Amino acid sequence: MTADPRAALDRFVAALEAHYHAVATRRGDDDPAVDDAYEVLADAFEVYEDALAQVYSEVTPFLLDDGDDEDDDEDDEDDGDDDLEDLDTTLDEVEDDELDNASRA
C-alpha cells in the first residue's frame, strides 16, 4: 500500500499544534500531556518522513533523538575531529551546489 504524503503532512501539522498546546498549557514539569503529545508528534513525523520517501524518494532535514544518552557521554570525550570533518564535507557540498546553480543561471 502506498502512503499518502498529504494525509501524513496533515497529521504531522495537527500533531505539532497539539504539542504546542500541551506545552503552552503545561501543569508542572512532569505533565503527562506533554509527554503524550511528544510521542504523537514523533510518530506523526516518522509517518510523514516514510511517506515522502516512498512516494517521492525525499526526506526532511530533521533527525529524531533516539533517547540513548549513554552514547552522548562517549561523544563528549572525543576530540571533535569527526565533527569538523563532517562540517567541512557539508560546506564543500554547499559550495559545489552553489557553483552548479550559478553555472546553470
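Structure: above.
Quick caveat, the model's predicted, so the values are computed rather than measured.

Draft legend 1. Structural context of the overall build of the protein. Looking only at helices and strands, the protein has four helices and zero strands in total. Going from N to C terminus, the protein has its helices and strands arranged as α-α-α-α. Put simply, the protein has 105 residues, and 17% of those count as buried. A sequence separation of at least 24 residues applies to 54% of the contacts in the protein between residues at least 6 apart. When the accessible surface of the protein is summed, it comes to about 8,700 Å², and 49% of that surface belongs to carbon and sulfur atoms.

Draft legend 2. Summary view of the layout of surface pockets. There is about 180 Å³ of room inside the largest pocket. Taken together, F12, L16, H19, Y38, L41, A42, F45, F62, L63, L64 and D65 make up the lining of the largest pocket. Among the residues making up the lining of the largest pocket, the classes are represented as nine nonpolar, one polar and one charged.

Draft legend 3. Structural context of the nonpolar core. One finds A8, F12, A15, L41, A44, F45, Y48, A51 and L52 forming the largest nonpolar core, which totals nine residues. At the level of secondary structure, the elements contributing two or more residues to this core comprise helix 1 (5–24) and helix 2 (32–56). Ignoring sequence-local partners within four residues, the contact set of F45 consists of F12, T60, F62 and L64.

Draft legend 4. Representation of helix 1. The terminal C-alpha atoms of helix 1 lie 28 Å apart, and with 20 residues this matches the ideal 28 Å at 1.5 Å per residue to within 8%. The elements touched by buried residues of helix 1 are helix 2. Residue D4 occupies the N-cap position of helix 1, its side-chain oxygen lying 3.1 Å from the main-chain nitrogen of R6.

Conventions we followed
- Residues numbered from 1 in each chain as written.
- Predicted model: local features only at pLDDT ≥ 70, side-chain atom pairs only at ≥ 80, totals over all residues.
- Heavy atoms only, no water.
- Helix = DSSP H or I, 4+ residues; strand = E, 2+ residues; numbered from the N terminus.
- Buried < 20%, exposed > 50% of the residue type's maximum accessible area, 1.4 Å probe, protein only.
- Contact = heavy atoms within 4.5 Å.
- Areas by Shrake-Rupley, 256 points an atom, 1.4 Å probe, with all protein chains shown as cover.
- 1 Å grid on protein atoms, 1.4 Å probe; cavity = no way out; pocket = protein on both sides within 12 Å on 5 of 7 lines; lining within 4 Å.
- Points joined across faces, edges and corners; volume = space filled by probe spheres on them.
- Nonpolar A, V, L, I, M, F, W, Y, C, P; charged D, E, K, R; others polar.
- Core = buried A, V, L, I, M, F, W, Y, C linked by side-chain atoms within 4.5 Å.
- Expected span 1.5 Å × (residues − 1).
- Polar contact = N/O pair within 3.5 Å; in protein donor to acceptor, adjacent residues only side chain to side chain.

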